[in-house]
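Working through the structure, step by step
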Amino acid sequence: MYGLCDCNNFFVSCERVFNPSLEGRPVVVLSNNDGCVVSRSNEAKALGIKMGQPLFRVREFIKNNNVAVFSANYHLYGDMSERVMTTLRSFVPNIEVYSIDEAFFLLDGVKTEDLKSYGEYMARTIKRNTGIPVSIGISKTKTLAKIAARLCKQYVKLNSACSMHRDADIEKVLSTYPIADVWGIGRRHSKMLDLARIRTAADFCSLTEEWVCNRMTVTGVRTWHELHGTPCIEFNHQIADKQSITVSRSFAHELCDVKELHATISAFASNAAEKLRKQRSVAKLLQVFICTNRFRDDAPQHVEGATFHFITPTDSTIEIVKAAVGLLAKIYRSGFGYKKAGVTLSDISSAGVVQCELFDTIDRSKHKRLMGTIDSINAKQGNGAVKLLSHGNMCEYTNRQYLSPQFTTDWDDILVVKV
């Protein structure tokens, strides 16, 4: 049997762990630069606030309805996610972390009649250990487990766990479950199925495999089999390495000075290099882009990018930053106000199989030792404790007006308890 642990309104739940007064109050969390709503409490959903709504459009509504607003605190959320996953690992030998707030797991050796109670026990323990409420969905396939977890969020009486193992129960759920909400059914296929009067998951299951294959290729067939109770999506015991790494951001205000852009590109490149080393990989291709605010009709527009190929694949912050700022110098144009920039590393391979150039002028063993020392210090002392001189302070260019403290990742923000 497959299981899914899905954190409820995860970003909001993280904020509530350290601020219990938010319980029962509508809460929203915003994206980078406080742009759009990316997480909502159930109370905020009931008010009609939609996912992805720009803050400027609902600012007055939020104020009038006493909605608590928070800037995305990704350091806190990442640490809380790891705590949830650590507790989950104590119940099952292997988990597949699907996203920051979701993980699949296998339930082998648990009797069918005990699945529901075991799921409830898992949810209670995770809530006790971390303060994060979760929904546990259990069924024959990953897709059905996703549906079971969603039912937990809709029906409180399920007590945070839903086990769909009987065929009759699965058929009953699928008969009313919207096909558009099924994992693996994208927006384009959802529209196509709606035109064909395929409205529920049961309607989809009633189709022939040939019909699905002709219109939705192998992806649709895989979902079709999963809904029929046949596992087709393999369980990945290890997180797959990223094939490309992008670090980009929109700025709180337009940047006109090349020195400011130089600092931000340096910070992005450094961040990307750290992520590369974390998965023990190297990259051969670097891309840098900058663009102005496309929503400003009154300002001149400039969008441009450039690419750099490393002769020897690298994970060195020094090499990557040097190449990135070199590309910036080629594409920057004075007289423009830049609103967004980014760095992408691609053509990624394992760091253990690097073919060096015969006449390489870089002391790669020295770079490797230096990067290892920097990563070790930053892991102990906090991100950014040691960085290149060209590395800018991104807080200067980011709008995070509603940011909460980093309760679990910064000693200066640790809670003080008075007794």
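Higher on the page you've got the structure.
All values reported here derive from a predicted model rather than from experimental measurement. (Residues numbered from 1 in each chain as written. Predicted model: local features only at pLDDT ≥ 70, side-chain atom pairs only at ≥ 80, totals over all residues. Heavy atoms only, no water.)

Overview of the overall build of the chain
Operational definition: Every helix listed is a DSSP run of H or I at least four residues long, and every strand listed is a run of E at least two residues long, numbered separately from the N terminus. Our radius of gyration looks at C-alpha atoms and nothing else; its globule reference is 2.2 Å times the residue count to the power 0.38. Throughout this description, buried means an accessible area under 20% of the type-specific maximum (1.4 Å probe, protein chains only), exposed means over 50%, and partly exposed covers the range between. Note on definitions: a residue-residue contact is assigned when non-hydrogen atoms from the two residues lie within 4.5 Å. Surface exposure here means Shrake-Rupley accessible area, sampled with a 1.4 Å probe, where a residue is shielded only by the protein chains that are shown.
Helix and strand counts for the chain stand at 13 helices and 12 strands. At 24 Å, the chain has a C-alpha radius of gyration in line with the 22 Å of a compact globule built from 419 residues. Counting only C-alpha atoms, the chain reaches 65 × 55 × 50 Å along its principal axes. Here the chain holds 419 residues, and the buried ones make up 44% of them. In the chain, of all internal contacts separated by at least 6 residues, the share reaching a separation of at least 24 is 70%. Summed over its atoms, the accessible surface of the chain is roughly 22,700 Å², and 52% of this surface lies on carbon and sulfur atoms.

Examining the pattern of salt bridges
Rule in force here: By definition here, a salt bridge exists when the distance from a side-chain nitrogen of Lys or Arg to a carboxyl oxygen of Asp or Glu is within 4 Å.
With the rule as written, the count across this model stands at 16 salt bridges. The residue Asp 6 makes a salt bridge to Lys 153 at a minimum N-O spacing of 2.9 Å. Note that Asp 6 is positioned in strand E1 (residues 2-7) and Lys 153 in helix H6 (residues 142-154), a separation of 147 residues in sequence. Note that Lys 116 is salt-bridged to Glu 120, the shortest N-O span being 3.2 Å. One end of the pair is Lys 116 and the other is Glu 120, both in helix H5 (residues 115-130) and four residues apart, which spans about a single turn. By relative accessible area, Lys 116 is classed as partly exposed at 27%. In the salt-bridge network here, residues are joined through shared partners; they are Glu 254, Arg 296 and Asp 298.

Regarding the sheet that holds strand E9 (residues 245-255)
So the rule is basically this: DSSP calls a pair of strands paired once it identifies at least 2 bridges connecting them. In this analysis, axes come from line fits to C-alpha atoms, helices being fitted only over the stretch in contact, and the angle between any two N-to-C directions falls in the range 0 to 180 degrees.
Read across the sheet, four strands follow the order E9-E12-E10-E11 without closing on themselves; strand pairing throughout is antiparallel. Two strands bound the open sheet, and with one partner strand each, they are E9 and strand E11 (303-314). Here the average twist between neighbouring strands, direction ignored, is 15 degrees. Strand direction decides the pairing type here: strand E10 (residues 281-292) and strand E12 (residues 338-350), joined by 11 bridges, are antiparallel.

Description of the nonpolar core
Note the following rule: By nonpolar core we mean a set of buried residues, namely Ala, Val, Leu, Ile, Met, Phe, Trp, Tyr and Cys, connected to one another through side-chain atoms within 4.5 Å.
Core analysis: the largest hydrophobic core is formed by 35 residues, its most contacted members being Phe 10, Tyr 77, Leu 88, Phe 105, Ile 132, Val 134 and Ile 136. Considering each element in turn, this core owes the most residues, six residues, to helix H4 (residues 74-89). Apart from the residues lying within four places of it in its own chain, the contact partners of Phe 105 are Met 1, Tyr 2, Gly 3, Leu 4, Cys 5, Leu 88, Val 92, Asn 94, Ile 95, Met 122, Ile 136 and Phe 235. The next biggest cluster of nonpolar side chains, apart from the first, holds 32 residues, and it includes Val 247, Phe 268, Ala 272 and Ile 320.

Quick word on the environment of Arg 280
Relative to the helices and strands, Arg 280 resides in the loop between helix H11 (258-278) and E10. Residue Arg 280 is classed as exposed on the basis of its relative accessible area, which comes to 65%. For Arg 280 and Gly 352, which are 72 residues apart along the polypeptide, the C-alpha to C-alpha distance reads 7.9 Å. In contact with Arg 280, not counting residues within four places along its chain, are Ser 350 and Ala 351.

Focus: the environment of Val 247
With respect to the helices and strands, the residue Val 247 is situated in strand E9. Given the relative accessible area of 7%, Val 247 is considered buried. The spatial distance from the C-alpha of Val 247 to the C-alpha of Gly 342 is 5.6 Å, given a sequence separation of 95 residues. Excluding anything up to four places from it in sequence, Val 247 contacts Phe 268, Asn 271, Ala 272, Lys 275, Ala 341, Gly 342 and Val 343.

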